[in-house]
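# Remarks on the overall topology
Each chain, letter by letter, is given below.
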Amino acid sequence: MSSKVVASAPGKVILAGEHFVVYGEPSLVVAIDRRAYVETSLKEGGLRLDAPDLNLYWDGEGKLPKPLAPLKLVAEKLLEEAVKNVGLSIKVKSELPPSSGLGSSAAVASAAVLSISAALGLELSKDEVFKLALEAERLVHLNPSGIDPLISTMGGVILYRRDGGYVNVEVKVKPIIIIGYTGSREPTGVMVSRVGRLYEAYPKIVGSLFRSGGILATEAAEALKRGDLRKLGGLMDLNHGLLVALGLSTIKVDKMVYAAREAGALGAKLTGAGGGGCMVALCIDEATGARVVEAIERAEGEPMKLSLDLEGARREGC
Ligand code: PMV
């Protein structure tokens, strides 16, 4: 019935300020060169959702698998806006491991908004893509700060503050970013609730950790802007300490963090919601990056070498 529209959006790595950002503090985030792709085509009627990487499929029959709920929401909202009596077939592919802290669900949501809207002939601004992707994210975790769908939509490097907007950070020196993945993780919502309970139990102490995290993220953005990667690395180490204090790291993540530092990384920390997932190490040059990759492997993690992606959500092949 129609040609396909493919759109993609990048994942992300938080260099400073995860969790604190939920409480209104700034957070420094970079888009990465691993993307989620969503392909949409029009069909006679109904909705078909297909995520072969996750082994999930739904065509309106039976119970909707929970991870596909954000796609359904996006499709229904955009169909309503387009006032079109058509069906949609939507297929997702992702280079980002799901639930790893690399922003896979937000990348899928941003790419889906762009792909489905374009297939329906709607022209959305980047801000509209972000807002609908954020609404979809709310189905996955209840209180998202919005940092993941924003960076997936806009790309580049951003200092983000919930409700206070964001600033693009211009980068002089492209950092070498090495990720170590544990292979599994607790859901973001579980980790965010855990921090919430700790805050309730120790409001003054935990509140001051949040504020320190905010100052740290602002200084990290300034260091990156100046190209002072040593300072940025030091701030990442400090940030890891704050996340450990909040109970967000695990032995496996800590092992990779220490291994990366010993191998010469400028700094290393947990990234994302924690409870497993990923750590990130910053390296001065390719040779150190290679040593850090080996150190992560020895610490039984899965290494990934990443670069910044300055482009956010985009249509493919047009
Ligand atoms: O879901 P993750 O691992 O990408 O973490 C997102 C960052 C948090 O600050 C933990 C949550 C949020 O909504 O900002």
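For the structure itself, consult the block above.
The structure reproduced in this document is the subject of the present report.

Basis of the calculations
- As a convention, each chain's residues are numbered from 1 in the sequence order in which they are written.
- Residue-level local features of this predicted model are given only where pLDDT is at least 70; pairs of side-chain atoms are given and counted only at 80 or more, and the full residue set underlies all totals for whole chains, interfaces and linings.
- As a rule here, side-chain values cover all heavy atoms of the structure and leave hydrogens and water aside.
- Here, axes are lines fitted to C-alpha atoms. For helices the fit covers the stretch in contact, and angles between N-to-C directions go from 0 to 180 degrees.
- Every helix listed is a DSSP run of H or I at least four residues long, and every strand listed is a run of E at least two residues long, numbered separately from the N terminus.
- Take the far helix as the reference: if the near one is turned anticlockwise from it by less than a right angle, the crossing is left-handed, and if turned clockwise, right-handed.
- Two residues form a contact once any of their heavy atoms are found within 4.5 Å.
- At least two DSSP bridges between two strands are required for those strands to pair.
- A pair of aromatic rings is counted whenever rings of Phe, Tyr or Trp (Trp by its six-membered ring) have centres within 6.5 Å, and the orientation is called stacked for planes under 30 degrees apart, edge-to-face for over 60 and tilted otherwise.
- Exposure is judged per residue with a 1.4 Å probe applied to protein chains only, and the accessible area is read against the type maximum: over 50% gives exposed, under 20% gives buried, and values in between give partly exposed.
- Here, a charge over a ring means that NZ of Lys or CZ of Arg falls within 6 Å of the ring centre while also lying within 35 degrees of the ring normal.

### Section: the packing of helix H1 (residues 69-82) against helix H3 (residues 126-140)
- Taken N-terminus to C-terminus, the directions of H1 and H3 make an angle of 145°; their axes are 8 Å apart at the nearest point. Every pair of crossing elements has a handedness; the one defined by H1 and H3 is right-handed. Contacts between H1 and H3 involve Ala-69, Pro-70, Leu-73, Val-74, Lys-77 and Leu-78 on the former and, on the latter, Leu-132, Glu-135, Ala-136, Leu-139 and Val-140.

### Regarding the sheet that holds strand E11 (residues 302-306)
- With antiparallel pairing, the 4 strands of this open sheet are ordered in space as E9-E10-E8-E11. Of all strands in the sheet, those with a lone pairing partner are strand E9 (267-271) and E11, marking the two edges. Each neighbouring strand pair of the sheet contributes to a mean axis angle of 25°, computed without reference to strand direction.
- Packing of helix H7 (residues 229-245) onto the sheet brings it into contact with E9 and strand E10 (276-283), and relative to E9 it is tilted by some 40°.

### Description of the packing of aromatic side chains
- Taken as a whole, this structure holds 4 aromatic pairs when the rule is applied.
- Consider the rings of Tyr-23 and Tyr-199, whose centres lie 5.3 Å apart with planes at 80°: the pair is edge-to-face. Taken together, the residues span a long stretch of sequence, with Tyr-23 in the loop between strand E1 (5-16) and strand E2 (27-43) and Tyr-199 in helix H5 (residues 188-201) at a distance of 176 residues.
- Ring centres 4.3 Å apart and planes at 20° place the aromatic pair Tyr-23 and Phe-210 in the stacked group. Placement of the pair is Tyr-23 in the loop between E1 and E2 and Phe-210 in helix H6 (residues 203-226), with a sequence separation of 187 residues.
- By relative accessible area, Tyr-23 is classed as partly exposed at 30%.
- Above the ring of Tyr-258, the side-chain terminus of Arg-261 is found at 5.2 Å from the ring centroid.

### A few points about the environment of Ala-263
- Positionally, Ala-263 belongs in the loop between helix H8 (251-262) and E9.
- As a C-alpha pair, Ala-263 and Ala-290 span 27 residues in sequence and 9.3 Å in three-dimensional space.
- Not counting the four nearest positions on each side in its chain, Ala-263 is found in contact with Thr-288, Arg-291, Val-292 and Ala-295.

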